[in-house]
Amino acid sequence: MTSGIDLQGTFIQSLENFGIPAGAAKAVWMPLPMVIMLVASTVGVLVSVWLERKISAAAQQRIGPEYAGPAGVLQPLADGLKLVFKEDVVPAKSDPLLFTLGPVMAIIPVFLSYMLIPFGQNLVITDVNMGIFLWIALSSVVPIGLLMSGYSSNNKYSLLGGLRAAAQSLAYEIPLALAVMAIVLMSNSMSTIDIVNQQTGYGILGWNVIRQPVGFVIFWIAALAECERTPFDLPEAEEELVAGYLTEYAGMKFALFYLGSYVNLVLSALLVTVLYLGGWESPVSVDWLAGLAGVALDTPWLQVVLAALGITMVLFKCFVMVFTAILIRWTVPRVRIDQLLNFGWKFLLPVALVNLLVTAGLKLALPFAFGG
Amino acid sequence: MNLAEGVQFVSMGLLIATMLVTALGVVLLENIVYSAFLLGGVFVSIAGLYLLLNADFVATAQVLIYVGAVNVLILFAIMLVNNNRAFAVVEGTKVRNAATAIVCGGIFALLGTMVVTTPWAISSVPASGNASVMKIGLHFFSDFLLPFEVASVLLLMALVGAIVIARREFIPEIFSPKGEDEALMLPERPRDLVGSGKD
C-alpha cells in the first residue's frame, strides 16, 4: 500500500536536488502538513458555525443568515472579524495571568489532537502508536483550562461553570474511554490508521458501527458531553449561570473558547468517523471495484482518485455527524446537573463496561468477525 | 549530531528546566491555586521525559491519569473549599521554613549521592517501542500479578470509602458544639455503619 505517490519523499528529494542537506529538507517539509491541518480545522469551524446557524434557523422556521455572501456563508467570517475588533476586557479583580492562560490551555489540546486524524492511508500528520489513547489523554487536559478560566474570572457564575465543566468531563471521559477500548480490542492496535484498516475491505458491512452499535451510541453521547453541547451544555447554561466560565470573557479570548468548542465538535465527529464509520472507506469498497475493473491499485491516477475520494468520504461522514449534533442541540432540552451525573455514572458507565466485556467474549468466540 | 538528536537534546533541556521551575513553584508559591496549576506543569514535563525515553504508553498514561484526573481533582477540591483568605501569620515560621529547607536539602543530597554512586545496570536491549503495551500487559498478568491485583483492591477500598464519606448527612440545625472546639466538629447526624447495630 505504501508504493505509488509519495509526496513527502518527492518534496524532500527535490529540495535535496537543490543542494539542501537532508535534515534541513525534512525540517522544511514538516510544518507543511501541520499548517494545512490547522487551516483545514479552522475552515471546518467556519463551515460548522454556518451549518449551526442555518440548521437552527430551519428548526425554528426562520431563514437565518442571508446577506453575508451567498446563503450567508460568510456570516461566520463576519462573526470572527467582529470578535477580533472587540475590546479585550480583563475584569479588574480577576487574576490576569490565569485569565489569559485559561482559553489557551483549553484550545491547545484540541488542535493538537488533529494530528491523529487520518484522511487516507498516508494522509495523516503522524501515525502515533498510542493514537486514540493519546487523544483521550489530551482531551482530559481541557478541563484544567476551563477550571483556570472559571477560577480567575472572580465571578461566582464562572467558578460554578468551571466546576461543572470539570465534573462533567471527568464523568463522561470514562464511558468514552471504555467505548474506545472495545474498538481497540477489536483492531489490536491504538493507531488510528490500523483502526481504519481493520474496517476496510467489505464496504459498509465492515464498519465498526455494525459490530459495535452500543459502543457507537455511548461514544457519541459521551463525545457530545465532552464538547459541552446541548443537551449537555450545563457549564454554560444561560438561564442558570449567565454563561458559565465564559461570563467575563470578551474579544479574542472569548473567540478562542468559541473556536475551541467548534473545533472540538468537528474533532469528535471526525473520531466517530475514524472509529465507527470506516474512516476514508466508501460504503462500497473501491479496492474491490478496482479489482473488478482490473486496474492495479498503485496506478497513479487511481491513487489520486482514491485520495480525493477518501478525503471526501471522511469529510462527508464527519459533517453528517456534525449535522446530527446540531439537530440534537436544537431539538432536545437541556438535562439537569443531577440527571447528567446520574446518567453518566449509573447508566453509561455500566453499559460501557458490559459492552467491553461482551466485545472481549465475542472476540474469543468469533475471532474471524471480531479481530481475534 | 543530526537533526533528530539535536531536537531531542534541546527538548530534554527544556523539559528538565520546566520541571524544576514548576516543581519549585509548587513548593514555594504562597497561592495554593497557583501551586495546583503548576503541579500539572510538573506532570506534563515528566510525561515529556518519558516520551524521550521511548516510553510512549507510560507518557500518555501519565498525562491521562496525573494531569487529567489527579490534578483536576486537586483543583476541584481546592476550588470547592478555597475561600480566598490569606493564611494567618503563624509565629516562628522562619524557624520552621529553615528546618524544612534543611531536611529537604538533606534528602536531596542523599538521593543525589545514591543516584551517582549506584552502578546502574543499563540494559543493552533496544527499547521495545511499539510493542511496549503488550509487554506491560504480559507482565501485569504474569510476574507482576500480585501488585496489580493489590492495587485494584486498594482502589476498591478507596472507592467504598469515598462513597461512605459522600453518604454522610449534614444537618446544620442539630449542630451544637457543647464546649468543644468548633473547628474540629463535623456538623453531621451520627449514623449507624452499614450492617451493624439492629440485630
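Residues numbered from 1 in each chain as written. Chains lettered and ligands numbered in written order. Predicted model: local features only at pLDDT ≥ 70, side-chain atom pairs only at ≥ 80, totals over all residues. Heavy atoms only, no water.

Here we come to the overall build of chain B. From N to C terminus, chain B includes six helices and zero strands. Counted from the first residue to the last, chain B has its helices and strands arranged as α-α-α-α-α-α. Looking at the 199 residues of chain B, the share that counts as buried comes to 16%. Pairs at least 24 apart in sequence give 43% of the contacts found in chain B among residues at least 6 apart. (Helix = DSSP H or I, 4+ residues; strand = E, 2+ residues; numbered from the N terminus. Buried < 20%, exposed > 50% of the residue type's maximum accessible area, 1.4 Å probe, protein only. Contact = heavy atoms within 4.5 Å.)

Moving on to the pattern of salt bridges. Opposite charge on two side chains permits pairing when their charged atoms draw close. Residue and element names in this part refer to chain A. All chains considered together, the criterion is met by four salt bridges over all chains. Linking D79 and R53 is a salt bridge whose minimum nitrogen-to-oxygen distance equals 3.2 Å. One end of the pair, D79, is in helix α4 (residues 75-85); the other, R53, is in helix α3 (residues 31-59), with 26 residues separating them in the sequence. The closest approach of N and O atoms between D88 and K253, which form a salt bridge, is 3.3 Å. With D88 in the loop between α4 and α5 (96-113) and K253 in helix α13 (residues 251-276), this pair connects stretches of sequence that are 165 residues apart. (Salt bridge = Lys/Arg side-chain N within 4 Å of Asp/Glu carboxyl O.)

Another aspect to go through is the domain arrangement of chain B. Split by domain assignment, chain B resolves into domain 1 (1-81) and domain 2 (128-167). Just the C-alpha atoms count here: the centres of domain 1 of chain B and domain 2 of chain B sit 23 Å apart. (Domains from an automatic or database assignment.)

Residue and element names in this part refer to chain A. Grouped together as the largest cluster of nonpolar side chains are 105 residues, with contacts concentrated most on I132, W135 and F219. Per element, the largest residue contribution to this core is 15 residues, and it comes from helix α8 (residues 156-187). When residues no more than four places from it in sequence are discounted, the contact partners of F219 are W135, L176, A179, V180, S268, L271, V272, L275 and Y276. (Core = buried A, V, L, I, M, F, W, Y, C linked by side-chain atoms within 4.5 Å.)

Before going further, it helps to examine a nonpolar patch on the surface. Residues and elements named next belong to chain B. Among the surface-exposed residues, V103, I107, L111, M114, V115, V116, W120 and I122 lie close enough to one another that they form a single nonpolar patch of about 860 Å² accessible area. Tracing the chain through its elements places V103 in helix α4 (residues 93-117). Judged by its relative accessible area of 52%, V103 falls in the exposed class. (Patch = residues over 30% accessible without salt bridge, like charges linked within 9 Å, V, L, I, M, F, W, Y side chains within 5 Å. Areas by Shrake-Rupley, 256 points an atom, 1.4 Å probe, with all protein chains shown as cover.)

Every contact between the two is made by 25 residues of chain A and, on the other side, 27 residues of chain B. When chain A packs against chain B, close to 2200 Å² is buried across both sides, 80% of that on carbon and sulfur atoms. Across the contact surface, chain A and chain B share zero salt bridges. Counting across the interface, chain A meets chain B through one residue pair in polar contact (both at pLDDT 80 or more). Looking at the side of chain A that touches chain B, the elements with two or more residues in it are α2 (22-29), α6 (131-139), α7 (142-152) and α8 of chain A. A total of six residues in the side of chain A that touches chain B trace back to one element, the largest contributor, which is α8 of chain A. Of the residues assigned to the side of chain A that touches chain B, the class counts are 19 nonpolar, four polar and two charged. (Buried area = accessible area lost by both parts, 1.4 Å probe. Polar contact = N/O pair within 3.5 Å; in protein donor to acceptor, adjacent residues only side chain to side chain. Nonpolar A, V, L, I, M, F, W, Y, C, P; charged D, E, K, R; others polar.)

Right, let's talk about the packing of aromatic side chains for a bit. All names here are of chain A. Scanning the model with the defined rule gives 13 aromatic pairs over all chains in all. Where Y249 meets F257, the ring centres are 5.1 Å apart and the plane angle is 80°; that geometry is what we call edge-to-face. For F257, a relative accessible area of 9% corresponds to the buried category. Summarising the aromatic geometry, the rings of F254 and Y258 are spaced 6.0 Å apart at their centres and angled 25° between planes, so their arrangement reads as stacked. Of the two residues, F254 and Y258 both sit in helix α13, four residues apart, roughly one turn of that helix. (Phe/Tyr/Trp six-rings, centres within 6.5 Å; stacked < 30°, edge-to-face > 60°.)

Residue and element names in this part refer to chain B. Overall, the prediction assigns chain B a mean pLDDT of 80, with 79% of residues at 70 or greater. Highest mean pLDDT in chain B belongs to α4 (90); lowest belongs to helix α5 (residues 132-140) (84). Predicted complex metrics record ipTM = 0.80 and pTM = 0.82. (pLDDT = per-residue confidence, 0-100.)

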